[in-house]
Amino acid sequence: MNGESTGLRTALIREALSLLEEGTTDLSLRRIARMARVSAMAPYRHFADKTALLRAVADHGFDLLRDTLEAADRSPGNAEALIAQGIAYVAFALRRPALFRLMFADHHPPDPCDHGDCRAAAYAVLSRRAARVTSNDGDVATLACWAIVHGLATLALDGRLSSDSEQIRSVLTLFVSSLETRQRS
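Right, let's walk through the structure included here. (Residues numbered from 1 in each chain as written. Predicted model: local features only at pLDDT ≥ 70, side-chain atom pairs only at ≥ 80, totals over all residues. Heavy atoms only, no water.)

### Re empty space enclosed by the protein
By rolling a water-sized probe across the atoms, one finds the places where empty space is left.
Alright, step 1. For the structure on display, the rule yields one cavity of 30 Å³ or more.
Alright, step 2. In this structure, the largest cavity encloses a volume near 40 Å³.
Alright, step 3. In this structure, the largest cavity is lined by L82, G86, L126, C145, V149, L172, F175 and V176.
Alright, step 4. Residues that form the lining of the largest cavity fall into these classes: seven nonpolar, one polar and no charged. (1 Å grid on protein atoms, 1.4 Å probe; cavity = no way out; pocket = protein on both sides within 12 Å on 5 of 7 lines; lining within 4 Å. Points joined across faces, edges and corners; volume = space filled by probe spheres on them. Nonpolar A, V, L, I, M, F, W, Y, C, P; charged D, E, K, R; others polar.)

Next comes the structure, spelled out in structure tokens:
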């Protein structure tokens, strides 16, 4: 792909993301092309249809989530880093609710074990840290961690849980402590 072509693809994703985050429900390729100041047919050089464009926007979201989790993972100590990742995950969802919901709206997500996939790359950050907290049942621990943070994020987005970071930290600290206790036993 040449630079101009890559630039157009990036511009289309950026415009779709902008509309999504404004709360716009009309995410037609025609409207997005208009916003990017290209012909109505230009998006079809990169995306077969609206679904393909939205999948690319969601993939971009997973790249952002991976970067967010990696930044949080720099905390000292395994437990602290895992808690920091959980807080960062919830904060990401609250900061970008429409993108977060789109990211998980796909009813046919790739297998998290497919390490070439951006979704798997975000999951892998969590998985590596969970494995360091507990070497036993690493896959189970990772799934439990994801379920906890995704549940907290969804509850906060739905207004069922305060977005108070201290409450979220307390829940995550309790959970990670139980993982560490299980590891020692």
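### Focus on the pattern of salt bridges
Alright, step 1. Throughout the structure, instances matching the rule amount to six salt bridges.
Alright, step 2. Linking D73 and R129 is a salt bridge whose minimum nitrogen-to-oxygen distance equals 2.7 Å. With a gap of 56 residues between them, D73 in the loop between helix 3 (50-72) and helix 4 (78-95) and R129 in helix 6 (residues 118-133) connect regions that are remote in the sequence.
Alright, step 3. With its nearest N and O atoms 2.7 Å apart, the salt bridge here joins D158 to R101. Of the two residues, D158 sits in the loop between helix 7 (138-157) and helix 8 (165-184) while R101 sits in helix 5 (residues 97-103), which places them 57 residues apart along the sequence.
Alright, step 4. By relative accessible area, D158 is classed as partly exposed at 44%.
Alright, step 5. Owing to a relative accessible area of 41%, R101 belongs among the partly exposed residues under this scheme.
Alright, step 6. Each of D63, R66 and D67 takes part in one network of salt bridges that share partners. (Salt bridge = Lys/Arg side-chain N within 4 Å of Asp/Glu carboxyl O. Helix = DSSP H or I, 4+ residues; strand = E, 2+ residues; numbered from the N terminus. Buried < 20%, exposed > 50% of the residue type's maximum accessible area, 1.4 Å probe, protein only.)

### With respect to helix 4
Along an α-helix, a turn takes 3.6 residues, which lines up residues three or four apart on a common side.
Alright, step 1. The end-to-end C-alpha distance of helix 4, which contains 18 residues, comes to 25 Å, matching closely the 26 Å that a straight helix rising 1.5 Å per residue would cover.
Alright, step 2. When you tally the buried positions in helix 4, you get 13 out of 18 residues, the bulk of the element. (Expected span 1.5 Å × (residues − 1).)

### Quick look at unusual backbone geometry
Alright, step 1. For R37, which is not a glycine, the phi torsion comes out positive at approximately 60°.
Alright, step 2. Residue placement: R37 occurs in the loop between helix 2 (29-35) and helix 3.
Alright, step 3. Judged by relative accessible area, R37 falls into the exposed class, the value being 77%.

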